[in-house]
There are 2 protein chains.
Amino acid sequence: MNAAVSALINGEPGDRVSIQDRGFQYGDGLFETLAVSQGRPLRWERHMQRLFAGAARLGITPPEEAILREEARRLCKDVERAVLKIVLTRGASGRGYAAPQVMSPTRVISLSPWPEYPESHAVNGVDVRVCRTMLSRNPRLAGIKHLNRLEQVLARAEWRDEYAEGLMLDEGGLVIEATMSNLFLVRNGVLLTPELTTCGVEGIMRALVLEKAEALSLPCRVASVTQDDVFYAEELFLTNSLIGLWPVKKLDWNTPERGSKEYPVGKITQAIQEALAK
Amino acid sequence: MNAAVSALINGEPGDRVSIQDRGFQYGDGLFETLAVSQGRPLRWERHMQRLFAGAARLGITPPEEAILREEARRLCKDVERAVLKIVLTRGASGRGYAAPQVMSPTRVISLSPWPEYPESHAVNGVDVRVCRTMLSRNPRLAGIKHLNRLEQVLARAEWRDEYAEGLMLDEGGLVIEATMSNLFLVRNGVLLTPELTTCGVEGIMRALVLEKAEALSLPCRVASVTQDDVFYAEELFLTNSLIGLWPVKKLDWNTPERGSKEYPVGKITQAIQEALAK
């Protein structure tokens, strides 16, 4: 790996963007975070599909997939383990919310160190809290991985190292996801994950888990998930592209009604985990 | 004016920020937009108050006000008419929502050309549409001028030049504000503006209008505003720091129930406009 090049901005080595970039001005863009292993970004096609779907939703013209692939290859070559982040914005413009008539989107592809999570996270599970910061609802933005992430930032600021993750609720008190991962639970033997039609991010790993569950003929549903569903769950786990799957072993509600609750690393969790490892 | 310096980044002339800046990564910051007239940014103290209130809400340590004032003075010196934009972010950090333990916020102060709106906008009023893009609700983010502005961007993309502004509703159908300005209406002789406890930006000019109304002993309320309140209003107007006050002369609902409605430039609108001009 050429240590000097760890980011490409529109194909050129660099580490800065214009203050007029609408990503900086308004969070007007999208991002993807990919695991890199032995020189290759993993699950590339799925990440591209989500990026392109998000770009269509926001009306941002994406670059050719072949260009992104080639740039990713340049950065990831000879890299043993890292994180590849792709940011796509509507590009630079003058002040004001109106997009320029001629758009020149910005793409930033960069490498970051692989986060060294303890191995026990995946094996024994993690401690998680329920955040006070809510997710706001807007169907126009639900599901896509856009750059407006203040809610996640504020939720993540609710703890330091006491927890590995934090669950987030919407205004109606439904459980949606965690700050950087999706939630699955087992209730009455059925695998459930929250529907993400009004908020939340449709994770790549979440889609993969749903496919694995189907392949394993596990009863599985995408549905509204209440706090009671989570509290009385038989198993709980979190997923994203970097962590893979983490069982939740303890959940702190920090409310008078619901204190702290412990969960086993259950059979369905283990079955999914094994299926993902293959 | 030194044409070469139209932006200062942490006090240094420049026009680019790190791709690791959390403003670019997550919209993790705030901004202010000030009118500059004859070398001076207008209503400086009010803008500083809002910026500092927003910084406290987001947990971002703001720079000394004297530093911002001095940098603004450097940029605005000898400038006849322009827009001064101040962006304050949580600064650069590695990947991930967790803020760095030691924060080094980024401040970007820049000048933009004054937008040459037609004079008739303030005199005869403007055409406005009701946007389909909703404002999502989150009390944690309501009122402050943060950098998560995708909803405004998407709403503004609903028209080109047919309208001067677009009204935005929340999920419950309440009328909150317009994409870049606050809304006032007169109903049964009372001046009303939407309360902004769950979404919206508390405009500097909005606060000024409320003060002027009180000084003029006009009956005035900050309240929930329904679509009916707006539809049946006797007068409507929009305010922000750059436009001042624009009466709304026509509002297009584009729905089967409510088509297009015209409004006069009424007595209360004119009284406020005169009070602001003094």
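Bear in mind that the values here come from a model prediction, so they are computed numbers and not experimental data. (Residues numbered from 1 in each chain as written. Chains lettered and ligands numbered in written order. Predicted model: local features only at pLDDT ≥ 70, side-chain atom pairs only at ≥ 80, totals over all residues.)

Colleague: Help me understand the overall build of chain A, please; the structure alone is not making it clear to me.
Modeller: Scanning chain A from terminus to terminus reveals eight helices and 16 strands. Relative to a compact globule of 278 residues, whose C-alpha radius of gyration would be 19 Å, chain A shows 19 Å and is just as compact. Considering only C-alpha atoms, chain A reaches an extent of 55 × 40 × 35 Å along its principal axes. Looking at chain A as a whole, 47% of its 278 residues qualify as buried. Counted over contacts in chain A with a minimum sequence separation of 6, partners at least 24 positions apart contribute 73%. (Helix = DSSP H or I, 4+ residues; strand = E, 2+ residues; numbered from the N terminus. Rg over C-alpha atoms; globule rule 2.2 N^0.38 Å. Buried ≥ 20, exposed ≤ 12 C-beta atoms within 10 Å, placed from the backbone. Contact = placed C-beta atoms within 7 Å.)

Colleague: Help me out: how do you make sense of the packing of helix 6 (residues 204-215) of chain B against helix 8 (residues 267-277) of chain B in this one?
Modeller: Geometrically, a packed helix pair is captured by the angle between its two axes and the distance between the axes. Residues and elements named next belong to chain B. Axis separation between helix 6 and helix 8 bottoms out at 10 Å; the angle between their running directions is 105°. Taken together, the axes of helix 6 and helix 8 are roughly perpendicular relative to one another. For the pair helix 6 and helix 8, contact is made by Leu208, Val209, Lys212, Ala213 and Ala215 and by Ile272, Ala275 and Leu276, respectively. A per-class count over the contact of helix 6 with helix 8 returns seven nonpolar, no polar and one charged. (Axes fitted to C-alpha atoms, helices over the stretch in contact; angles between N-to-C directions. Parallel < 35°, antiparallel > 145°, perpendicular 65-115°, else oblique. Nonpolar A, V, L, I, M, F, W, Y, C, P; charged D, E, K, R; others polar.)

Colleague: Is there a simple way to explain the relation of the copies chain A and chain B in this structure?
Modeller: Turning one copy of the chain about an axis and sliding it along that axis gives the other copy, so a rotation and a shift relate them. With an RMSD of 0.0 Å, the fit of chain A onto chain B corresponds to turning through 180° and sliding 0.0 Å along the axis. The superposition of one copy onto the other is thereby described by a two-fold rotation axis. In terms of C-alpha distance to the rotation axis, chain A has A:Phe24 as its closest residue, with the C-alpha 2.1 Å off the axis. Interface overlap between copies: 98% of the residues of chain A at the interface are likewise at the interface in chain B, consistent with a symmetric, same-surface contact. (Least-squares fit on C-alpha atoms with pLDDT ≥ 70 in both.)

Colleague: Would you mind going over the sheet that holds strand 4 (residues 29-37) of chain B with me for this structure?
Modeller: Backbone-to-backbone hydrogen bonds join strands into a sheet, with any given pair of strands oriented parallel or antiparallel. Residues and elements named next belong to chain B. In spatial order, the strands read 2-1-7-6-4-5; together these six strands make up an open sheet with antiparallel pairing. Two strands in the sheet have a free side with no partner beyond their single neighbour: strand 2 (12-13) and strand 5 (40-41). The pairing of strand 1 (residues 7-9) with strand 2 spans two bridges and is classified as antiparallel. Its bridge partner lying in strand 2, isoleucine 9 is registered against glutamate 12. Relative to strand 4, helix 2 (residues 44-58) is tilted by about 175°, and along the sheet it contacts strand 4, strand 5 and strand 6 (81-89). Packed onto the sheet, helix 3 (residues 65-76) meets strand 1, strand 4, strand 5, strand 6 and strand 7 (106-113) and runs at close to 25° relative to strand 7. (Pairing = 2+ DSSP bridges.)

Colleague: Please clarify how the sheet that holds strand 5 (residues 40-41) of chain A should be interpreted in this entry.
Modeller: Residue and element names in this part refer to chain A. If you walk across this open sheet you meet the six strands as 2-1-7-6-4-5, and the pairing is antiparallel. Across the chains shown, the open sheet's two edge strands, defined by having one partner strand only, are strand 2 (12-13) and strand 5. Inspection of the sheet shows strand 1 (residues 7-9) paired to strand 7 (residues 106-113) by three bridges, in the antiparallel sense. If you follow leucine 8 over to strand 7, its bridge partner there is isoleucine 109. Together, strand 4 (29-37), strand 5 and strand 6 (81-89) form the strand contacts of helix 2 (residues 44-58), whose direction differs from that of strand 4 by roughly 175°. Sheet strands touched by helix 3 (residues 65-76): strand 1, strand 4, strand 5, strand 6 and strand 7. Its angle to strand 7, the strand with the most contacts, is close to 25°.

Colleague: Hey, could you run me through unusual backbone geometry in this one?
Modeller: Negative phi values dominate among residues other than glycine, just as trans dominates among peptide bonds. Residue and element names in this part refer to chain A. Even without being glycine, glutamine 38 reaches a positive phi, approximately 50°. Looking at where glutamine 38 falls in the secondary structure, it is placed in the loop between strand 4 and strand 5. Exposure remark for glutamine 38: the 10 C-beta atoms within 10 Å place this residue in the exposed category. For arginine 43, which is not glycine, the phi torsion reads 55° and is therefore positive. Mapped onto the elements, arginine 43 comes out in the loop between strand 5 and helix 2. Assessed through the 15 C-beta atoms surrounding it within 10 Å, arginine 43 is described here as partly exposed.

Colleague: Looking at this model, I keep getting lost on the interface of chain A and chain B. Mind explaining?
Modeller: Interfaces are often described in size by the accessible area the parts lose on coming together. Listed as interface residues are 44 residues of chain A and, on the opposing side, 43 residues of chain B. Where the side of chain A that touches chain B is concerned, the elements lending two or more residues are strand 3 (16-18), helix 1 (22-26), strand 6, strand 7 and helix 5 (150-156) of chain A. With three bridges connecting them, strand 3 of chain A and strand 3 (residues 16-18) of chain B associate as antiparallel partners. Bridging across to strand 3 of chain B, A:Ser18 finds its partner in B:Arg16.

Colleague: I'm lost on the pairing of strand 8 (residues 126-130) of chain A in this one. Help?
Modeller: Where a strand is regular, its side chains alternate between the two sheet faces. Residues and elements named next belong to chain A. Within strand 8, four of the five residues are buried, which leaves it mostly tucked inside the rest of the structure. Bridge count for strand 8 against strand 15 (residues 244-252) is four bridges, and the pairing is parallel. Considered in strand 15, the bridge of arginine 129 is made with aspartate 252. One ladder, built from three bridges, connects strand 8 with strand 9 (residues 165-169); its direction is parallel. Looking across to strand 9, one finds that arginine 129 is bridged to glycine 166.

Colleague: Got a minute to help me understand helix 8 (residues 267-277) of chain A in this structure?
Modeller: The periodicity of an α-helix, 3.6 residues per turn, causes residues three or four places apart in sequence to face the same way. Residue and element names in this part refer to chain A. Of all the residues in helix 8, the buried ones are Ile268, Thr269, Ile272 and Gln273. Buried positions in helix 8, seen along its axis, are confined to an arc of 135° and lie on one side of it. Turned more than 90 degrees from where helix 8 packs its buried face, Glu274 and Ala277 sit exposed. Contact partners of the buried residues in helix 8: strand 11 (182-187), strand 12 (190-194), helix 6 (204-215), strand 14 (235-240) and strand 15. (Arc of directions from axis to C-beta.)

Colleague: Mind showing me how you'd approach the nonpolar core here?
Modeller: Generally speaking, nonpolar side chains in soluble globular proteins are found buried as a group. Counting 154 residues, the largest nonpolar core has A:Leu84, A:Met168, A:Leu185, B:Leu84, B:Met168 and B:Leu185 as the members making the most contacts within it. Sequence-distant contacts of A:Met168, defined by excluding residues within four places in its chain, comprise A:Cys131, A:Thr133, A:Met134, A:Leu135, A:Ala155, A:Ile176, A:Glu177, A:Ala178 and A:Thr179. (Core = buried A, V, L, I, M, F, W, Y, C linked by C-beta atoms within 7 Å.)

Colleague: I would appreciate a short explanation of the pairing of strand 15 (residues 244-252) of chain B in the present structure.
Modeller: Residues and elements named next belong to chain B. Across four bridges, the pairing between strand 14 (residues 235-240) and strand 15 is antiparallel. When the bridges of strand 15 are listed, leucine 238 appears paired with tryptophan 246. Hairpin connection between strand 14 and strand 15: a loop of three residues separates the two successive antiparallel strands. In terms of strand pairing, strand 15 meets strand 16 (residues 260-262) through three bridges, oriented antiparallel. Among the inter-strand pairings, lysine 250 is bridged to a residue of strand 16, identified as glutamate 262.

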